[in-house]
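Residues per chain are reported as follows:
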Amino acid sequence: MVERTGSARGLNDTTGTNRTKGTKEPRKVTSLDRGEPPGAFAVGGAEADKRIKLPPYETIALMLQGGGALGAYQGGVYQGLNEAGIHPNWIAGISIGALNTAIIAGNAPEDRVPRLLEFWETICQPAFMPPLPAFVEHAFFNSTDEIRKAFTAMQAGSALVEGQKGFFVPRFPPPSPLAAGEPGTASFYDTRPLKGTLEQFCDFDRINSRETRVSVGAVNVATGNFAYFDNTRMKLRAEHFMASGALPPGFAAVEVDGEYFWDGGLMSNTPLYKIVHATPRRDTLAFQVDLWSARGPVPDSIVDVMGRVKDIQYSSRTRLVTDTLQRSQRFRNVLREVLDKVPVDIRNSDPWCKTAEELACSKRFNVIHLIYRHKEYEGNYKDFQFGLSTMREHWESGLSDIRGTLSHRDWLDMPNNDAGFITHDIHRDER
């Protein structure tokens, strides 16, 4: 079992009810259940020196999908990796995943979890009005299902009306459908506050030192092509991460070196393909953190229909992509085995063998899926419902999922099947 740090003690005792659609499960007690203020979420602890020893993977990748306010789940996942001593050497993100990538890569390992939490506690406050007192938030959030739904819907409405602190604010006057202007202002919200927030929480010199490889995905508005901003090829600035999260029409395209970019989630909301198809190929352990689940209940109301559409649209068919990559790697691995049985002189002279050598690959890939599970009280607004209480529940869900995953130590082993490619998902494998 993975040892838990002092930060987790008391946060994961099971009481109460988990409001997952169609089921009743124990719900974990959070700091808000105990009436603690948002800043009371502790990190670090006396057991933080207990680490997991990994096999000799050449790449340890962390892949962070887009999903707006759901991105706090990724913070919990990273906390669990950090306390287990697993430090990715490649982080790839899209949209809110790109912002989390910036915070993680832009800080020293010992500062990453506190800075992530501070970032989330900042953007989960209203842009102008003061947040509710902690005891009031506690009372509403932990009341009946009906009250919780009404309360979270109110918080989502607040995000639409006044924006989020250090993230985005409404444009005033609002954009006119008849008036043309600059591409950087063609949106309902202004994200200029985000630039200052990223520069406050991230050391871009550290990001560009290549201590950790960083890749964030965006879409070129003019060409429609997908692009990755990668610190192995360019110097990254706040604008690169903002472009990855510029989801229209809410957020305007961001200019980067004379070109305009939108949210990468418009085309592909997962960096999995980028990691697996990188060359040269390397033995890779990849943690794929998804915020939208392709699986879910059939909706029975128009509100649920809108939410389910987002689940399907932004899950980016993660399972299909993973299965396709697994089959591809199996072909490469089998080809490698067959070529090893061909005499060397033929391999060196036959043109088909030379082509096969280029395609063959015996590298191994282990993909660990962590997928956020929708909760019944969440509406179609869950990606822009930035309440502090909800943020903490998302965070603690991610922390619980990664701890449960890492308790299966054999899941971290190098694959030894004929594909050289294996996947694990705690919600799938423990059903």
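The rules behind these values
Residues numbered from 1 in each chain as written. Predicted model: local features only at pLDDT ≥ 70, side-chain atom pairs only at ≥ 80, totals over all residues. Heavy atoms only, no water. Phe/Tyr/Trp six-rings, centres within 6.5 Å; stacked < 30°, edge-to-face > 60°. Helix = DSSP H or I, 4+ residues; strand = E, 2+ residues; numbered from the N terminus. Buried < 20%, exposed > 50% of the residue type's maximum accessible area, 1.4 Å probe, protein only. UniProt positions renumbered as here; feature names shortened; annotations may be inferred. 1 Å grid on protein atoms, 1.4 Å probe; cavity = no way out; pocket = protein on both sides within 12 Å on 5 of 7 lines; lining within 4 Å. Points joined across faces, edges and corners; volume = space filled by probe spheres on them. Nonpolar A, V, L, I, M, F, W, Y, C, P; charged D, E, K, R; others polar. Pairing = 2+ DSSP bridges. Axes fitted to C-alpha atoms, helices over the stretch in contact; angles between N-to-C directions. Parallel < 35°, antiparallel > 145°, perpendicular 65-115°, else oblique. Left-handed = near helix turned anticlockwise from the far one by under 90°. Contact = heavy atoms within 4.5 Å. Expected span 1.5 Å × (residues − 1). Core = buried A, V, L, I, M, F, W, Y, C linked by side-chain atoms within 4.5 Å.

(A) Quick look at the packing of aromatic side chains. Summed over all chains, the structure comprises 15 aromatic pairs. Relative to Phe 251, the ring of Phe 167 has its centre 5.9 Å away and its plane inclined at 50°; by these criteria the two rings are tilted. Here the residue Phe 167 occupies a position in the loop between helix 5 (145-162) and strand 5 (169-170), and Phe 251 occupies one in the loop between helix 8 (238-244) and strand 9 (254-256), the gap between them amounting to 84 residues. Here Phe 167 and Phe 251 have matching classes, each one buried. Every member of this aromatic cluster is reached through a ring pair, and the members are Phe 167, Phe 168, Tyr 189, Phe 251 and Phe 386.

(B) Geometry of the UniProt feature "short sequence motif: GXGXXG" (unreviewed entry) in the chain. Residues given the UniProt feature "short sequence motif: GXGXXG" (unreviewed entry) here are residues 66-71. Spanning residues 66-71, this segment combines 0% helix with 0% strand, and its end C-alpha atoms are found 7 Å apart.

(C) Quick look at empty space enclosed by the protein. Within the structure shown, the criterion is met by 1 cavity of 30 Å³ or more. Around the largest cavity sit Val 276, His 277, Arg 281, Leu 325, Ser 328, Gln 329 and Arg 332, which together line it. Looking at which element gives the most residues to the lining of the largest cavity, the answer is helix 11 (residues 318-339), with 4 residues. Residue classes in the lining of the largest cavity are distributed as 2 nonpolar, 3 polar and 2 charged.

(D) Region of interest: the pairing of strand 12 (residues 365-371). In terms of burial, strand 12 is largely enclosed, as 7 of its 7 residues are buried. Of the two faces of strand 12, the one carrying Phe 365, Val 367, His 369 and Ile 371 and the one carrying Asn 366, Ile 368 and Leu 370 are both buried. Note that strand 12 and strand 13 (residues 421-425) share 5 bridges and pair parallel. Paired with Val 367 across the bridge in strand 13 is Thr 423.

(E) Structural context of the packing of helix 1 (residues 72-83) against helix 14 (residues 388-406). One can describe the packing of helix 1 onto helix 14 by two numbers: an axis separation of 6 Å at closest approach and a directional angle of 40°. By the criterion of interaxial angle, the relationship of helix 1 to helix 14 is oblique. Considering how the two elements wind past one another, helix 1 and helix 14 form a crossing that is right-handed. Within the contact between the two elements, helix 1 uses Ala 72, Tyr 73, Gly 75, Gly 76, Val 77, Gln 79, Gly 80, Leu 81 and Glu 83 and helix 14 uses Met 391, His 394, Trp 395, Ser 397, Gly 398, Leu 399, Asp 401, Ile 402, Arg 403 and Leu 406. Residue classes in the contact of helix 1 with helix 14 are distributed as 9 nonpolar, 7 polar and 3 charged.

(F) Seen up close, the environment of Gly 157. By the element assignment, Gly 157 lies in helix 5. We classify Gly 157 as partly exposed; its relative accessible area is 26%. In sequence terms Gly 157 and Tyr 381 are 224 residues apart; their C-alpha atoms lie 8.8 Å from each other.

(G) Region of interest: helix 14. Look at helix 14: 27 Å from first C-alpha to last across 19 residues, which is about the 27 Å you get at 1.5 Å a residue. Along helix 14, 19 of the 19 residues are buried, which leaves the element largely enclosed by surrounding structure.

(H) Region of interest: the pairing of strand 11 (residues 284-290). Burial of strand 11 is extensive: 7 of the 7 residues sit out of reach of the surface. Of the two faces of strand 11, the one lined by Thr 284, Ala 286, Gln 288 and Asp 290 and the one lined by Leu 285, Phe 287 and Val 289 are each fully buried. One ladder, built from 6 bridges, connects strand 3 (residues 59-64) with strand 11; its direction is parallel. The partner of Met 63 across the bridge, within strand 11, is Gln 288.

(I) Highlighting the nonpolar core. Leu 62, Trp 120, Leu 198, Phe 241, Phe 287 and Leu 406 are the most contacted members of the largest nonpolar core, which totals 72 residues. For this core, the leading source of residues is helix 2 (residues 96-105), giving 7 residues. Leaving out residues up to four positions away in the same chain, Trp 120 has contacts with Gly 68, Ala 69, Gly 71, Ala 72, Ile 96, Asn 100, Phe 386, Met 391 and Trp 395.

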